[in-house]
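The chain contents come next:
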Amino acid sequence: MDRVSSFDEPLKKLLGGATAKVMAEHLDLHTVGDLLHHYPRRYEERGRLTALADLPLDEHVTVVAQVADARILMFNNGRGKRLEVTLTDGSGRLQLVFFGHGVHKPHKELLPGRQAMFAGKVSVFNRKMQLAHPTYQLLDASDADEATEAVDAFAGRLLPIYPACKQLDSWRIAKAVDAVLPSARDAVDPLPASLREGRGFTSLPEALLKAHRPQTKADIEDARARLKWDEAFVLQVALARRRYADTQLPAAARRPVADGLLDAFDAKLPFTLTEGQQKVSKEIFDDLATEHPMHRLLQGEVGSGKTMVALRAMLAVVDAGGQAAMLAPTEVLAQQHHRSITEMMGELAEGGMLGGSDHGTKIVLLTGSMGTAARRQALLDLVTGEAGIVIGTHALIEDKVQFHDLGLVVVDEQHRFGVEQRDALRSKGKQPPHLLVMTATPIPRTVAMTVFGDLETSVLDQLPAGRSPIASHVVPAKDKPHFLARAWERVREEVENGHQAYVVCPRIGDDAEEEKGRAKKKAAEEDPDKRPPLAVLEIADELRKGALAGLGVEVLHGRMHPDEKDDVMRRFAAGDVHVLVATTVIEVGVNVPNATAMVIMDADRFGVSQLHQLRGRVGRGSAPGLCLLVSEAHEASPARARLSAVAATLDGFELSRIDLEQRREGDVLGQAQSGVRSSLRMLTVIDDEEVIAAAREEAVAIVAADPELEHLPELRTVLAALLDKDREEYLDKG
């Protein structure tokens, strides 16, 4: 068998159809190579007990523990049997339950003092952690059954505990790994020999053997060091090749001119730019002056003045004879950007109009819902070059839209824009335009180096003067209903003091969803934890009739007609609406300084960075902000821990680390964005900053010397396997 094909061998050939099917469907493992890269999550030593105190709720876990006691209880007047087993490990206790006919075997085997591996999903019953009907494997059995084999196999060794699923326990995965382990010697080594020797790494086949079947803790360390490096390095080579290819593209240099539109705008500003804004602007202007396209990520806290930096870049490009396009994720945001930029620029935004400035340019809005005449005029202004700046949604990308000379594309909130859109807009320039990507979701440096590795990064981390503090609190609606009543009182107090409030819900809720709702209701009756998320229309109705009766309560969501949305936003901004009940349509960019309070319903249904984004909508004026995170999640659950973390800090970078630690790496290159399984299995983007930075340095040097990797065929082979066309393009688009 040749060196590549043994890794490409389908698992069903070696493991049989049933096991291979479970691995494919539930663990996304299809080939020998996939399974060899499915590394143990941790290792247990025989005799050492795991920390039961740290078990996560609702997750499938494997524990090694000792039976403290076991007893059979009768219920249903003696017709039903239940076996309750208590495990202990010194740090905590865990209850196991078995029902009906399933009690006989464990009752004979799980005797006090016995030690075993148990796998199952952690739940809470009567305020106690439990595993219902777990699978288990004895580690100290003396009778000659399967368990003895296991003891022999694991005697004196470190037990690998694999990421598992309900259908396939860790020890069954270990058995499957044994079957494919001989193929490890066929692994293609991506590291150039000089690099491997220079850094003292073990060979790849040896690293795989040590990862799966370590004899000592030193083996685990060796394997991890090597395998982490591989993941970081291959990824960084892919990104370095992307950046190199970009530097080969031509672009028109756009240098700001003296006494032009930018200078006229700066002279009008009623405040001075922060030090951060000045520094970042310089980085951008330096990029714009080069003859290959800028690719820059501008990240900054909510309200750190990113729009101002982007606007000045756009004005510099207009000064240099080009046009700039700003792409916003929603119509509400596009309209708001258009309004605020036009207001900031005053007569400078009226180029060619009576009363407009000589330096001015025309700023047009282009969205899908515009009337035909307005749309036709906007398209004409773009193709003739009359309009220097266009702000719009993905409607900007349609074929009909032609530019006179597109020089700069600004993408607001990168994570909401698909791969194809960014590229389609790029292709509208005579040459590739410069690209500035903005995000208000702070990204730890290492993630920026991996996920956005094709972009240079600028960070705005100081807030402009005048931003107010925001107090955040978790409201446990289930345990303490009076806390929720108090939350609505606080909203009423804010309104009585002349301010306004947002109430955010995860769902819209309307007729179209009723059928789904019925099914969900049925599920909720069977399991109260599965009730549907709270909906805007229902909550608004309840508030109007109850806790906020007499106040002006309006709704805002994505299914409303754009004119209707704009009307509600205008009236809210003008102070005519007291409380806006909305979906996350308000998450990005909505700016109403008089809104001081936000209540987020079912807050545990949102991600950490999303909660941080939403919270950034309050405290934008001189009055302090208040954010209340309402949740019915159990106090010991990961969801509640996440909310407490958000309530405890306003530092977006700190929260992005917490978010990443909780989601781990599954999403970094994962399914959420690309539809492809994450390639990071050993590397943790949070903890391995030094590895990533060093790998990036090596990758840049290698690509600079040999862009096509002609002298490194093994590296090319591994890259091709990791980065099929879709994934490599995904890396390019972030």
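Since the model is a prediction, treat every value here as computed from it, not as a measurement.

So, how was this worked out
Residues numbered from 1 in each chain as written. Predicted model: local features only at pLDDT ≥ 70, side-chain atom pairs only at ≥ 80, totals over all residues. Heavy atoms only, no water. pLDDT = per-residue confidence, 0-100. Contact = heavy atoms within 4.5 Å. Core = buried A, V, L, I, M, F, W, Y, C linked by side-chain atoms within 4.5 Å. Buried < 20%, exposed > 50% of the residue type's maximum accessible area, 1.4 Å probe, protein only. Axes fitted to C-alpha atoms, helices over the stretch in contact; angles between N-to-C directions. Helix = DSSP H or I, 4+ residues; strand = E, 2+ residues; numbered from the N terminus. Parallel < 35°, antiparallel > 145°, perpendicular 65-115°, else oblique. Left-handed = near helix turned anticlockwise from the far one by under 90°. Nonpolar A, V, L, I, M, F, W, Y, C, P; charged D, E, K, R; others polar. Salt bridge = Lys/Arg side-chain N within 4 Å of Asp/Glu carboxyl O. Pairing = 2+ DSSP bridges. Phe/Tyr/Trp six-rings, centres within 6.5 Å; stacked < 30°, edge-to-face > 60°.

**Details of the confidence of the model for the protein**
Okay, so step 1: In the predicted model, the protein carries a mean pLDDT of 81, and 83% of its residues have values of at least 70.
Okay, so step 2: In the predicted structure, residues 522-528 sits below a pLDDT of 50 and forms three contacts with residues beyond four places in sequence or in another chain.
Okay, so step 3: Counted against residues more than four places away or in other chains, residues 664-677, with its pLDDT under 50, gives 41 contacts.

**Notes on the nonpolar core**
Okay, so step 1: Among the nonpolar cores identified, the biggest contains 58 residues, and Y502, V579, V581, I586 and I600 are the most heavily contacted of them.
Okay, so step 2: Leaving out residues up to four positions away in the same chain, I600 has contacts with V504, F606, L611, L614, C627, L628, L629 and V630.
Okay, so step 3: Membership of the second largest hydrophobic core comes to 40 residues, among which are L261, I284, A349 and L460.

**Things to note about the packing of helix 10 (residues 217-247) against helix 26 (residues 689-705)**
The geometry of a pair of packed helices is captured by two quantities: the angle between their axes and the separation between those axes.
Okay, so step 1: Packing of helix 10 against helix 26 brings their axes to within 8 Å, and their N-to-C directions diverge by 45 degrees. Our classification of the angle between helix 10 and helix 26 gives oblique. For helix 10 against helix 26, the interelement crossing comes out right-handed. Along the contact surface, helix 10 presents K228, W229, A232, F233, Q236, V237, A240, R241, R243 and Y244, while helix 26 presents V691, I692, A694, A695, R696, E698, A699, V700, I702 and V703.
Okay, so step 2: Split into classes, the residues belonging to the contact of helix 10 with helix 26 amount to 14 nonpolar, one polar and five charged.

**Focus on the packing of helix 22 (residues 608-615) against helix 23 (residues 638-648)**
Okay, so step 1: Direction vectors running N to C along helix 22 and helix 23 enclose 35 degrees, while the axes themselves pass 10 Å from each other. The element helix 22 and its partner helix 23 pack so that their crossing is right-handed. In contact with V608, L611 and R615 of helix 22, helix 23 contributes R642, L643, V646 and A647.
Okay, so step 2: When its residues are assigned to classes, the contact of helix 22 with helix 23 shows five nonpolar, no polar and two charged.

**A closer look at the pattern of salt bridges**
Okay, so step 1: A complete count under the given rule lists 34 salt bridges for this structure.
Okay, so step 2: Linking R199 and E698 is a salt bridge whose minimum nitrogen-to-oxygen distance equals 3.2 Å. Separated by 499 residues along the polypeptide, R199 in the loop between helix 8 (193-198) and helix 9 (204-212) and E698 in helix 26 bring together distant segments of the chain.
Okay, so step 3: The partly exposed category is assigned to R199, whose relative accessible area is 39%.

**Focus: the sheet that holds strand 16 (residues 470-476)**
Okay, so step 1: Taken in spatial order, the six strands make up an open sheet running 16-21-20-17-19-18, and their pairing is parallel. A single partner strand is all that each edge strand has here, and the edge strands are strand 16 and strand 18 (553-556). Averaged over all neighbouring strand pairs, the angle between strand axes comes to 20 degrees, with direction disregarded.
Okay, so step 2: Bridge count between strand 20 (residues 595-600) and strand 21 (residues 625-631): four bridges; the pairing is parallel. Each bridged residue has a counterpart across the sheet, and for A597 the counterpart in strand 21 is L626.
Okay, so step 3: Strands strand 16 and strand 21 of the sheet are contacted by helix 23, whose axis makes an angle of about 160 degrees with strand 16.

**Side note on the packing of aromatic side chains**
By convention here, two paired aromatic rings are described through the distance between centres and the angle between planes.
Okay, so step 1: Taken as a whole, this structure holds five aromatic pairs when the rule is applied.
Okay, so step 2: For the ring pair F118 and Y136, a centre distance of 6.1 Å and an interplane angle of 40 degrees mean the geometry is tilted. Within this pair, whereas F118 is found in strand 5 (residues 115-125), its partner Y136 is found in strand 7 (residues 135-138), the two being separated by 18 residues in sequence. Y136 shares its class with F118; the two are buried.
Okay, so step 3: Between Y502 and F572, the ring centres sit 5.1 Å apart and the planes meet at 55 degrees, which makes this aromatic pair tilted. Here F572 lies in helix 21 (residues 562-573) and Y502 lies in strand 17 (residues 500-504), a separation of 70 residues in the sequence. This pair shows no difference in class: Y502 is buried, exactly as F572 is.
Okay, so step 4: In textbook terms, an aromatic cluster arises when at least three aromatic residues are bridged by ring pairs, as seen for F98, F118 and Y136.

**Here's the deal with the sheet that holds strand 11 (residues 362-366)**
Okay, so step 1: In space, the seven strands of this open sheet follow the order 11-12-10-13-14-9-15, with parallel pairing throughout. Edge positions in the sheet fall to strand 11 and strand 15 (456-460), since each of these pairs with one other strand and no more. With strand direction ignored, the average angle separating the axes of adjacent strands in the sheet is 20 degrees.
Okay, so step 2: The pairing of strand 9 (residues 295-300) with strand 15 spans five bridges and is classified as parallel. Within strand 15, the position partnered with G300 by the bridge is L460.

**Considering unusual backbone geometry**
Okay, so step 1: Located in the positive-phi region is D28, a residue other than glycine, with phi close to 60 degrees.
Okay, so step 2: You can see D28 is positioned in the loop between helix 3 (17-27) and helix 4 (32-36).
Okay, so step 3: Given a relative accessible area of 24%, D28 falls into the partly exposed group.
Okay, so step 4: Of note, the phi angle at L709 is positive, near 55 degrees, even though the residue is not glycine.
Okay, so step 5: Inspection of the secondary structure assignment puts L709 in the loop between helix 26 and helix 27 (713-722).

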